[in-house]
Amino acid sequence: MSSGSPLLADLIDALRCLPGVGAKTAQRMAFHVLERDRAGARKLAERLAAAVERIGNCTRCRTFSEEPICALCANPSRDRSLLCVVETPVDQLAIEQATGFRGHYFVLLGRLSPLDGLGPKELGLDLLAQRLAEGEVQELIVATNPTVEGEATAHLLAQLARAAGIRASRLAHGVPLGGELEFIDRGTLAHAFGGRQTL
């Protein structure tokens, strides 16, 4: 961009780090906050700086937390015998908001992807193995995404659970509630058909 302002060019380039934000969207965002919402931009900058500075990871489940142990892990009313493994903190939030799950979580912060340098160590599987060895967990609920990497991760998690003598279960995948078969993509329909259950 040739606006004559290196600072504006830097702002536009910095905004491109956000997912789904390309050059044009970043440019629109930058111009919007400078033209119409400088107070909002200041507030965003302050909150972003505070979040980057103060939000870390829970030492027990690895989700985002301002404290060493997050509120969910510290809650004594949650069922310690159930441990749900998710790929990201946003997956944890989705399950927490959409279900009545009252167990605990473990957040991988990714999925197995050797090409991206994500192996068992980066996913914290050593910490997960220690947690399983404590003897409290009776069921490991695998809630990884139904992608190639997610399925490979699920397989490794199931092996880890079996080695610890813990039951492993997998979230069901398939036809969405209220969905019509004619509109379901082939892969989803094939997966659902292959995982059919007795009524």
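Up top is the structure.
Residues numbered from 1 in each chain as written. Predicted model: local features only at pLDDT ≥ 70, side-chain atom pairs only at ≥ 80, totals over all residues. Heavy atoms only, no water.

Moving on: the nonpolar core. Formed by 16 residues in total, the largest nonpolar core has its most connected members in L83, V85, L108, L128, L132, L140 and L157. Contributions of two or more residues to this core are made by β3 (79-86), α6 (125-133), β5 (139-143) and α7 (148-163). Setting aside anything within four residues of it in sequence, one finds L128 in contact with L83, V85, F106, L140, L157 and L160. Formed by 8 residues, the second largest nonpolar core is a distinct cluster that contains C84, I95, V107 and A143. (Core = buried A, V, L, I, M, F, W, Y, C linked by side-chain atoms within 4.5 Å. Buried < 20%, exposed > 50% of the residue type's maximum accessible area, 1.4 Å probe, protein only. Helix = DSSP H or I, 4+ residues; strand = E, 2+ residues; numbered from the N terminus. Contact = heavy atoms within 4.5 Å.)

This paragraph deals with the pattern of salt bridges. On inspection of all chains with the given rule, the structure shows 8 salt bridges. Between R170 and E151 there is a salt bridge, with its nearest N and O atoms 2.8 Å apart. Of the two residues, R170 is situated in strand β6 (residues 167-170) and E151 in helix α7; the sequence distance between them amounts to 19 residues. Residues joined in a network through salt bridges with shared partners are R60, E134 and E136. (Salt bridge = Lys/Arg side-chain N within 4 Å of Asp/Glu carboxyl O.)

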